Amino acid sequence: LTRAEAVLGVIDSRTPEQLEAALRQLAGGLAGPIRQLRERLLDLLAHLEAGLDFVDEEDVDPIGRAALTRELSAAAVTLECLAATLRERDSPAGPPWVVLTGPPNAGKSRLFNALLGDGRAIVSPVPGTTTDYLSAPCLCDGLTVELVDTAGIEPAANMIGTAAQARRAEQVRRADLVLECVPCDVPPTGPPVPGPFSYLLRVATKCDLAAAPCDRIATSAATGEGLDTLRAAITAALRSQAAESDPLSATGARCRNSLRRAGECLRSAGETLAACGDDALVAFDLRQSLEELGRVVGAVVTDDILDRIFRKFCIGK
Ligand SMILES: Nc1nc2c(ncn2[C@@H]2O[C@H](COP(=O)(O)OP(=O)(O)OP(=O)(O)O)[C@@H](O)[C@H]2O)c(=O)[nH]1
Ligand SMILES: [Mg+2]
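Residues numbered from 1 in each chain as written. Chains lettered and ligands numbered in written order. Predicted model: local features only at pLDDT ≥ 70, side-chain atom pairs only at ≥ 80, totals over all residues. Heavy atoms only, no water.

**Q** Any details on the coordination of the magnesium ion (ligand 2)? Residues and values, ideally.
**A** Those protein atoms acting as donors to the magnesium ion (ligand 2) are Ser-109 (OG) and Thr-130 (OG1), and they sit at 2.0 Å. Here the residue Ser-109 occupies a position in helix α5 (residues 108-116), and Thr-130 occupies one in the loop between α5 and β2 (134-140), the gap between them amounting to 21 residues. Comparing Ser-109 with Thr-130 shows no difference in burial state: the two are buried. (Donors = N, O, S within 2.8 Å, 3.2 Å for Na, K, Ca; no water. Helix = DSSP H or I, 4+ residues; strand = E, 2+ residues; numbered from the N terminus. Buried < 20%, exposed > 50% of the residue type's maximum accessible area, 1.4 Å probe, protein only.)

What follows is the structure, given as structure tokens:
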């Protein structure tokens, strides 16, 4: 299943990074190590089940406690490493870049401060206050983004202005998401920023001073109105962007969940073993764990395990 999805990933990839990720997955990626781990757990389960179901058979040697504990904890460690690899592979190079832009005096810097909850940017009624850009990590609805305040868009009057506009343009180019900030009583006039829809959010500022327009996200850095809505909109736009642009993200999420559940089952198996040592209960947890791993590599547990019991112990021959 992971390989089939990786083939789809190769076809769908739109950037060299996506192609590389898809090719890596196609070349084995996670499927290989997960299959190996699954093999070890299947062996373990075969031993346990054989001990439970075929106690009278002479060639069945029930697995010892110490060996079982050792195997379970080794498998749990391997699983943790796999999950860590997946987390690393899935996380992009850095936090999403969210850039405030708009005309001078629009209230960008005050909004920047309000979203961060501090006063690091200079705010003043004089247009052209911000020249260098400022950036800081900002927590939006559980997602950390890098929030960037920039100079207001205006024709450069001197060398400082030219440098400020160049820096602003560079930040907008680099942005994953642009917040176009315009006071709520002024219609946004600038040309729409190029890029996909989720690249731009239109924000109305200073909504405490005039009635809020309905087609923009209405905010007031003075009263705090609309800031939560803006935070939620930032997170939603970035999440929809990620889902659109990464054809492998669905596979990643699916694998992550299954690996997490498989790990939980193994931990539970270890705890059961330590608490009461009931093989049937340990086997139950192991089976659950295998089912989760099987989901990742697209295999069926029941047939596999039966096949192994009969192959290994020659029962019924
Ligand atoms: N009433 C009110 N005033 C605001 C609000 N946001 C900003 N202001 C005021 O508007 C003026 C400009 O605010 P800034 O945040 O410095 O504007 P800016 O967009 O960063 O301006 P430049 O850096 O010059 O491009 C300041 O006097 C702010 O106090 C708001 O939500 N409500
Ligand atoms: Mg400013």
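**Q** Give me the lowdown on helix α6 (residues 159-174), citing residues and values where you can.
**A** The end-to-end C-alpha distance of α6, which contains 16 residues, comes to 23 Å, matching closely the 22 Å that a straight helix rising 1.5 Å per residue would cover. If you check which residues of α6 are buried, you get Gly-161, Ala-164, Gln-165, Arg-168, Gln-171 and Val-172. Mapping the buried residues of α6 onto a view down its axis gives an arc of 125 degrees, with all of them on the same face. Exposed and facing more than 90 degrees away from the buried side of α6 are Met-159 and Arg-173. Where the residues of α6 are buried, they touch β1 (97-101), β3 (143-149) and β4 (177-183). (Expected span 1.5 Å × (residues − 1). Arc of directions from axis to C-beta. Contact = heavy atoms within 4.5 Å.)

**Q** Which residues make up the site of ligand 1, and what are the values?
**A** Ligand 1 sits among 22 residues. The nearest are Lys-108, Ser-109, Arg-110, Gly-128 and Thr-130. One nitrogen or oxygen atom from the side chain of Lys-206 is found 3.0 Å from an oxygen atom belonging to ligand 1. Take Ser-220: an N or O atom from its side chain is 3.5 Å from an oxygen atom of ligand 1. Contact with the protein chains hides 90% of the accessible area of ligand 1, taken as 650 Å² for the molecule alone. The class makeup of the residues in the shell around ligand 1 is 9 nonpolar, 9 polar and 4 charged. (Near = heavy atom within 4 Å. Polar contact = N/O pair within 3.5 Å; in protein donor to acceptor, adjacent residues only side chain to side chain. Areas by Shrake-Rupley, 256 points an atom, 1.4 Å probe, with all protein chains shown as cover. Nonpolar A, V, L, I, M, F, W, Y, C, P; charged D, E, K, R; others polar.)

**Q** So, the sheet that holds β3: which residues are in play, and what are the values?
**A** Spatial strand order, β2-β3-β1-β4-β5-β6: 6 strands in an open sheet with mixed pairing. The open sheet has two edge strands, β2 and β6 (217-218), and neither has a second partner. As paired strands, β1 and β4 are joined by 4 bridges and run parallel to one another. By the bridge assignment for β4, Leu-100 is matched with Leu-179. (Pairing = 2+ DSSP bridges.)

**Q** Account for the environment of Pro-96, naming residues and giving values.
**A** Locating Pro-96 in the fold gives a position in the loop between α4 (65-90) and β1. Sequence spacing of Pro-96 and Asp-176 is 80 residues, and the spatial spacing of their C-alpha atoms is 5.9 Å. Excluding residues within four positions of it along the chain, Pro-96 makes contact with Thr-144, Val-145, Glu-146, Asp-176 and Leu-238.

**Q** Residues and numbers for α5, please.
**A** A large share of α5 lies buried, amounting to 7 of its 9 residues. Of the residues making up α5, those classed as buried are Lys-108, Ser-109, Leu-111, Phe-112, Asn-113, Leu-115 and Leu-116. Backbone geometry just after α5 places Gly-117 at a positive phi near 75 degrees.

**Q** Pulling in residues and values, what's your account of the pattern of salt bridges?
**A** Applying the stated rule across the entire model yields 8 salt bridges. One salt bridge connects Glu-49 with Arg-287, and the closest N-O pair in it is separated by 3.0 Å. With a gap of 238 residues between them, Glu-49 in helix α3 (residues 31-53) and Arg-287 in helix α9 (residues 279-297) connect regions that are remote in the sequence. Among the residues examined, Glu-49 registers a relative accessible area of 11% and is labelled buried. (Salt bridge = Lys/Arg side-chain N within 4 Å of Asp/Glu carboxyl O.)

**Q** Now, about the nonpolar core: what can you tell me, with residues and values included?
**A** Core analysis: the largest hydrophobic core is formed by 26 residues, its most contacted members being Leu-41, Leu-72, Leu-79, Leu-266, Leu-286 and Leu-293. Looking at this core, the elements that each hand over two or more residues are α3, α4, α8 (249-275) and α9. Setting aside its immediate chain neighbours within four residues, Leu-293 contacts Ile-34, Leu-37, Arg-38, Leu-41, Leu-79, Leu-259 and Ala-262. Counting residues in hydrophobic clusters, the runner-up holds 24 residues, among them Phe-112, Leu-116, Leu-230 and Ala-237. (Core = buried A, V, L, I, M, F, W, Y, C linked by side-chain atoms within 4.5 Å.)

**Q** An account of the side chain of Glu-292 is requested, with residue identities and associated values reported.
**A** Its place among the elements puts Glu-292 in helix α9. Residue class for Glu-292 comes out buried when judged on its relative accessible area of 9%. When residues no more than four places from it in sequence are discounted, the contact partners of Glu-292 are Ser-258, Arg-261 and Ala-262.

**Q** Outline the environment of Gly-224, listing residues and values.
**A** As for its position among the elements, Gly-224 is in the loop between β6 and α7 (227-245). Taking the relative accessible area as the measure of exposure, Gly-224 reaches 32% and is therefore partly exposed. Between the C-alpha atom of Gly-224 and that of Leu-115, which follows or precedes it by 109 residues, the distance is 9.0 Å.

Structural measurements only, silent on function.
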